[in-house]
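Topology and contacts: notes
Below are the chains, spelled out letter by letter.
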Amino acid sequence: QVQLVESGGGLVQPGGSLRLSCAASGSIFSIYTMRWYRQAPEKQRDMVATITNAGYTNYADSVKGRFTISRDNAKNTMYLQMNSLKPEDTAVYYCHADLTVRPGGYTYAYWGQGTQVTVSS
């Protein structure tokens, strides 16, 4: 059983910072691309940042220059450093991973349960 567990969310004032973590556990053979998504109330879930297993990254325009995605492959963990936070960054943040559970197996997509980030004064 594979699980993705996010942590690090909370309430922060505008201009502040938070660091989210996403730890993958269970019977995992290899993790490929990992992503952070976010979903604000009554809005669709949008991609925030992507990182491949080789370390290549991509960001939504709205977070470029403020957010940094990283990963520790030895720990099966991904991070999102969020700086200069704005009220419009308020959302539930989800991690997503494409992974295989055995050599040569299919690649499946897994989601975490989400962590709330609220930016407010």
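Our subject is the structure that appears above.
Here the structure is a predicted model, which means the values were calculated and not measured.

Summed over all chains, the structure comprises three aromatic pairs. Relative to tryptophan 111, the ring of tyrosine 37 lies with its centre 4.8 Å away and its plane at 55°, an arrangement referred to as tilted. Placement of the pair is tyrosine 37 in strand E4 (residues 30–39) and tryptophan 111 in strand E10 (residues 108–111), with a sequence separation of 74 residues. Using a relative accessible area of 38% as the deciding quantity, one classes tryptophan 111 as partly exposed. Among the aromatic side chains, those forming a connected cluster through ring pairs are Tyr37, Tyr94 and Trp111. Above the plane of the ring of tyrosine 94 lies arginine 45, whose end atom (NZ or CZ) is 3.7 Å from the centre. Geometry around tryptophan 111 places arginine 45 over its ring, the cationic atom sitting 4.7 Å from the centre.

One open sheet holds the four strands; their spatial order is E1-E3-E8-E7, and the pairing between them is antiparallel. The strands lining the two open edges of the sheet, one partner per strand, are strand E1 (3–7) and strand E7 (67–72). Neighbour-to-neighbour, the strand axes of this sheet turn through a mean angle of 15°, independent of strand direction. By the bridge criterion, five bridges tie E1 to strand E3 (residues 18–25) in an arrangement that is antiparallel. Within the sheet, the bridge partner assigned to glutamate 6 lies in E3 and is cysteine 22.

Turning our attention to the side chain of arginine 66. Residue placement: arginine 66 occurs in the loop between strand E6 (57–59) and E7. At 3.0 Å, the side chain of arginine 66 and the backbone oxygen of serine 84 are in polar contact. Filtering out sequence-adjacent residues up to four positions away, arginine 66 remains in contact with Gln81, Met82, Asn83, Ser84, Leu85, Lys86 and Asp89.

Here we take up the state of the cysteines. Using the criterion set out here, one finds one disulfide in the structure. Residue cysteine 22 pairs covalently with cysteine 95 via a disulfide, S to S 2.2 Å. Its torsion about the S-S bond being 55°, the disulfide of cysteine 22 and cysteine 95 is classed as right-handed. Of this pair, cysteine 22 sits in strand E3 while cysteine 95 sits in strand E9 (residues 91–100); the two residues are 73 residues apart in sequence, bridging distant segments of the chain.

About the criteria used
Residues numbered from 1 in each chain as written. Predicted model: local features only at pLDDT ≥ 70, side-chain atom pairs only at ≥ 80, totals over all residues. Heavy atoms only, no water. Phe/Tyr/Trp six-rings, centres within 6.5 Å; stacked < 30°, edge-to-face > 60°. Helix = DSSP H or I, 4+ residues; strand = E, 2+ residues; numbered from the N terminus. Buried < 20%, exposed > 50% of the residue type's maximum accessible area, 1.4 Å probe, protein only. Lys NZ or Arg CZ within 6 Å of the ring centre and 35° of its normal. Pairing = 2+ DSSP bridges. Axes fitted to C-alpha atoms, helices over the stretch in contact; angles between N-to-C directions. Polar contact = N/O pair within 3.5 Å; in protein donor to acceptor, adjacent residues only side chain to side chain. Contact = heavy atoms within 4.5 Å. Disulfide = S-S within 2.5 Å.

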